[in-house]
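Coordinates in review
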Amino acid sequence: MNENNNAVPVSNKPLRNTHTGIIVSAVLAVIKGLGGVFGNSYALIADAKESGADVFTSTLLIKDIPQVTDIHIHVEPSMKRILK
């Protein structure tokens, strides 16, 4: 099997970014929910539900990310320094 010198492994950034997004969305959901309850604002309560849905969706996404990051992408040699 020939080794491709232009193959660059995909980084672990997608998984890290997803974890960060889950944490931020969860914190926002709690803050918006409390603000909506104590401020008697149905709009903030609805927005808290939306942030909770983002947490749920991102949690489902996590199980598929490792499969995507196990691949290698063929790039031109001039692009290698940008992707590293």
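See the structure printed just above.
Below is a short write-up of the structure. (Residues numbered from 1 in each chain as written. Predicted model: local features only at pLDDT ≥ 70, side-chain atom pairs only at ≥ 80, totals over all residues. Heavy atoms only, no water.)

**Section: the side chain of S25**
Stated formally: Helix and strand labels come from DSSP, where a helix needs a run of H or I of at least four residues and a strand needs a run of E of at least two; each type is numbered from the N terminus. We call two residues contacting when some pair of their heavy atoms lies within 4.5 Å.
With respect to the helices and strands, S25 occurs in helix α1 (residues 13–38). Filtering out sequence-adjacent residues up to four positions away, S25 remains in contact with S51, D54 and V55.

**Some remarks on helix α2 (residues 42–62)**
Note the threshold: For a helix, the expected span equals 1.5 Å multiplied by the residue count minus one. The buried label goes to any residue with under 20% of its type's maximum accessible area, the exposed label to any with over 50%, and the partly exposed label to all in between, with areas taken from a 1.4 Å probe on protein chains only. An arc is given here, and it is the one of the directions from the helix axis to the C-beta atoms.
The end-to-end C-alpha separation of α2 is 31 Å, in line with the 30 Å expected for 21 residues at 1.5 Å each. Every buried residue belonging to α2 is among A48, S51 and V55, and all of these are buried. In a view along the axis of α2, the buried residues occupy a sector of 60°, so they form one face of it. Exposed residues on α2 whose side chains face more than 90 degrees from its buried face are Y42, A43, K49 and F56. Elements in contact with the buried residues of α2: α1.

Function cannot be inferred from these measures alone, as they are strictly geometric.
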